[in-house]
Amino acid sequence: MPAIDEEILRDLMQRATGDLHAPPAITTRVVTRSRRRHLRTMGLSVTAAGLATATTIGLVAAATGGAHRQAPTKVVSLPNITLTAAQRALNKLSLAAARTAPPAGRYVEMSELQGSDKRTSVIDSQTGDIWTFQQGQGIPSELPVYKHWSPTLAQFNAYPTGVPALRALLIKQAEQQAAAGRKAMLAQLRKDQKKLRAIRRAFPEGPKETANDLVFAQATLLLWNPLVPPSLRAALFEVLAATPGVVVNSHAKDSLGRPAVQISRYDSASKYTNAIYESPDATRVLETASIYPATKAHDGVPAQAASVLSDTYQAITWVNSVPANPYGG
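Here is what the cut-offs are and how they apply
- Residues numbered from 1 in each chain as written.
- Predicted model: local features only at pLDDT ≥ 70, side-chain atom pairs only at ≥ 80, totals over all residues.
- Heavy atoms only, no water.
- Helix = DSSP H or I, 4+ residues; strand = E, 2+ residues; numbered from the N terminus.
- Buried < 20%, exposed > 50% of the residue type's maximum accessible area, 1.4 Å probe, protein only.
- Contact = heavy atoms within 4.5 Å.
- Areas by Shrake-Rupley, 256 points an atom, 1.4 Å probe, with all protein chains shown as cover.
- Core = buried A, V, L, I, M, F, W, Y, C linked by side-chain atoms within 4.5 Å.
- Axes fitted to C-alpha atoms, helices over the stretch in contact; angles between N-to-C directions.
- Parallel < 35°, antiparallel > 145°, perpendicular 65-115°, else oblique.
- Left-handed = near helix turned anticlockwise from the far one by under 90°.
- Nonpolar A, V, L, I, M, F, W, Y, C, P; charged D, E, K, R; others polar.
- Expected span 1.5 Å × (residues − 1).
- Salt bridge = Lys/Arg side-chain N within 4 Å of Asp/Glu carboxyl O.
- Pairing = 2+ DSSP bridges.
- Arc of directions from axis to C-beta.

Draft legend 1. Fine view of the overall build of the chain. For the chain, the helix and strand inventory stands at nine helices and nine strands. In the chain, which comprises 329 residues, the share counted as buried stands at 46%. Considering only residue pairs separated by 6 or more positions, the chain has 64% of its internal contacts joining residues 24 or more positions apart. Total accessible area on the chain is roughly 16700 Å²; 57% of this is exposed by carbon and sulfur atoms.

Quick look at the structure:
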């Protein structure tokens, strides 16, 4: 994941030279903002090991499910389970997603807004390659093609759709991505020991994300990707329904005023709220956002105003050929 790691490293370098006494909260904010922006923009890089994990989890689940099929000798009455409003809303989205027809076409084209900048991403469903076109002050009109940055449609179809197996895969995938990112950053920093020592002083290790934090982040990142098939989207909503701390607003609107279902969760390690705005028919994500609360000045660190880092997806269309740069670059 070189592009992601280089951007995070650059942010860390800039912060380290400006403030060698930054608290762990700033460290987490810098890393997560950079990582989420690049993951949303360029797709999710799934390694062969991750797919192997999915296959293994599926095989184990199948094996344990079929090992003992004897009739129970005693009937046990289970207590009634009362679903929360959030769980009912997510289960409703899951049912709607499962009924959605798979889209047709090899390439998916996504037009979005990132602040005042316009961006269009094109994903090849067969190879995972991504083309990116942009329009904005001081940014290139076209980026290099990112090879195999997104899982292919075939790879997504290999994901498990049972809640326990899918949840385990999401955690494993998050751990692999974090390990790869740390390894890449350390490899670059070790070239300059002085800079490495400064980074470590400025950014001591902060609190770690919980398994539920990782599951929510990974599930919402997967829902962002238009290549995810209806069966997997339905399963992801079920995973979110089983994740503590998820909040749902079924009557929300995105920044363009479109009706949406807001699905959010507070990340206790990063101290901010992640949110996605799902279309009411459960066909696609309309907007993703990271919501940061205002902070007071403390320990020499200046106060920070509340902020929102968001990407708004204006349209998603499927075509059979790579479109030209829509901004004329």
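Next comes the rest of the account.
Draft legend 2. Broad picture of the nonpolar core. Core analysis: the biggest nonpolar cluster contains 45 residues, and Leu-90, Leu-166, Leu-170, Leu-236, Phe-237, Leu-240 and Ile-263 have the highest contact counts within it. Put simply, the parts of the chain that give this core at least two residues each are α4 (85–98), β1 (107–114), β4 (142–146), α6 (163–189), α8 (211–224), α9 (230–241) and β6 (259–267). If you tally residues by element for this core, the top one is α9, at eight residues. In this structure, Ala-252, Tyr-277, Leu-286 and Ala-289 belong to the second largest nonpolar core, which totals six residues.

Draft legend 3. Seen up close, the packing of α8 against α9. At a minimum axis distance of 10 Å, the contact between α8 and α9 shows a crossing angle of 155°. Of the possible angle classes, the one that applies to α8 and α9 is roughly antiparallel. For α8 against α9, the interelement crossing comes out left-handed. Facing α8, whose interface residues are Val-215, Phe-216, Ala-219, Leu-222 and Leu-223, α9 presents Arg-233, Leu-236, Phe-237, Val-239 and Leu-240. Here the contact of α8 with α9 is built from residues that sort into nine nonpolar, no polar and one charged.

Draft legend 4. Examining α9 more closely. With twelve residues, α9 should reach 16 Å at 1.5 Å per residue; the first-to-last C-alpha distance of 17 Å fits that figure. Along α9, ten of the twelve residues are buried, which leaves the element largely enclosed by surrounding structure. Among the residues making up α9, those that are buried are Pro-230, Leu-232, Arg-233, Ala-234, Ala-235, Leu-236, Phe-237, Val-239, Leu-240 and Ala-241.

Draft legend 5. Molecular detail of the environment of Trp-224. With respect to the helices, strands and loops of the structure, Trp-224 is situated in helix α8. Taking the C-alpha atoms as reference points, Trp-224 and Arg-284, 60 residues apart in sequence, are found 7.1 Å from one another.

Draft legend 6. Main features of the pattern of salt bridges. Inspection of every chain in the model, using the stated rule, returns five salt bridges. Its salt-bridge partner being Arg-233, residue Glu-278 comes within 3.0 Å of it at the nearest N-O pair. One end of the pair, Glu-278, is in strand β7 (residues 272–278); the other, Arg-233, is in helix α9, and 45 residues separate them in sequence. Here Glu-278 and Arg-233 have matching classes, each one buried.

Draft legend 7. How the structure looks around the pairing of β7. Among the seven residues of β7, six are classified as buried, and the element is accordingly described as predominantly covered. Alignment of β6 against β7, held across seven bridges, turns out to be antiparallel. If you follow Gln-262 over to β7, its bridge partner there is Tyr-277. Between the antiparallel neighbours β6 and β7 lie four residues, among them Lys-271 with a positive phi of about 65°. The loop that links β7 with its antiparallel partner strand β8 (residues 285–292) comprises six residues; one of these, Ala-282, has a positive phi angle of about 65°.

Draft legend 8. Focus on α4. Spanning 14 residues, α4 covers 20 Å between terminal C-alpha atoms, matching the ideal 20 Å at 1.5 Å per step. Every buried residue belonging to α4 is among Ala-86, Ala-89, Leu-90, Leu-93, Ser-94, Ala-96 and Ala-97, and all of these are buried. Viewed end-on, α4 has its buried residues packed into an arc of 165°, placing them on one side of the element. For α4, the exposed residues set more than 90 degrees away from the buried face come down to Ala-85, Lys-92 and Leu-95. Packing partners of the buried residues in α4 comprise α9, β5 (247–253), β6 and β7.

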